[in-house]
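Observations on the model geometry
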Amino acid sequence: MHLGLIHHVGYVVADLDAEIPVYRDVLGMEVGVREVMPDQGVEAVLLGGGPSYVELIAPVSEDTGVARFLAKKGPGMHHVAFAVPHLESTLRELSDEGVELIDTAPRRGLGGHMVAFLHPRSTGGVLTELVEEH
Ligand code: CO
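So, here is what we can say about the structure in this document.

Per the counting criterion, the structure on display carries one aromatic pair. Aromatic pair Tyr11 and Tyr23: ring centres 6.3 Å apart, planes at 55°, arrangement tilted. Here the residue Tyr11 occupies a position in strand β1 (residues 6–12), and Tyr23 occupies one in helix α1 (residues 16–26), the gap between them amounting to 12 residues. Classification of Tyr11 by relative accessible area gives partly exposed; the value is 25%.

This is the structure:
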């Protein structure tokens, strides 16, 4: 297997509406899909014109990983996401190679992309996401 391009870098922020103007008006980034993902307790927005994006993520409930991240470390870089052509087979291959998976099966991510996270213990301390992109 091989990873594709970096699809996005995820930043945790306290408040999307407070941060978006900087990226849109000062840095000139396109504002893309924005949605609440209740299963993860976050709201996220994709910024940029691609092929690589910035994903801003803000907690919408207290008892989530992202809320704990924000409370403990403050806002900042949270994860890096790579594009892969076939997520399910990639996860199988990685698992066979001994990579620790957070998501053993693809799940729905921002904008309807299928995504899965790898445990930072297996990836040099960086939370890594895979995004299926055709
Ligand atoms: Co992401």
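Structure shown, so let's carry the discussion forward.
Another aspect to go through is α1. Considered for burial, the residues of α1 that qualify are Leu16, Ile20 and Tyr23. Down the axis of α1, the sector holding all buried residues measures 75°, keeping them to one side. Residues Asp25 and Val26 are exposed on α1 and point more than 90 degrees away from its buried face. Each element contacted by the buried residues of α1 is listed here: β1, β2 (31–37), β3 (42–47) and β4 (53–59). Downstream of α1 by a residue or two, Gly28 has a phi angle that is positive, lying close to 70°.

Cut-offs applied
By convention here, each chain's residues receive numbers from 1 onward along its written sequence. In keeping with the predicted nature of the model, local features appear solely for residues at pLDDT of at least 70, side-chain atom pairs appear and are counted solely at 80 or more, and the whole-chain, interface and lining totals rest on all residues. Here the side-chain values reflect all heavy atoms present in the structure, with hydrogen atoms and water set aside. A pair of aromatic rings is counted whenever rings of Phe, Tyr or Trp (Trp by its six-membered ring) have centres within 6.5 Å, and the orientation is called stacked for planes under 30 degrees apart, edge-to-face for over 60 and tilted otherwise. A helix here means a DSSP run of H or I that spans at least four residues, while a strand means a run of E at least two residues long, and both kinds are numbered starting from the N terminus. Remark: exposure states derive from per-residue accessible area (1.4 Å probe, protein chains only) relative to the maximum for the residue type, with buried under 20%, exposed over 50%, and partly exposed in between. Arc, as used here, means the arc of the directions from the helix axis to the C-beta atoms. In what follows, residue pairs with any heavy atoms lying within 4.5 Å of each other are defined as contacts.

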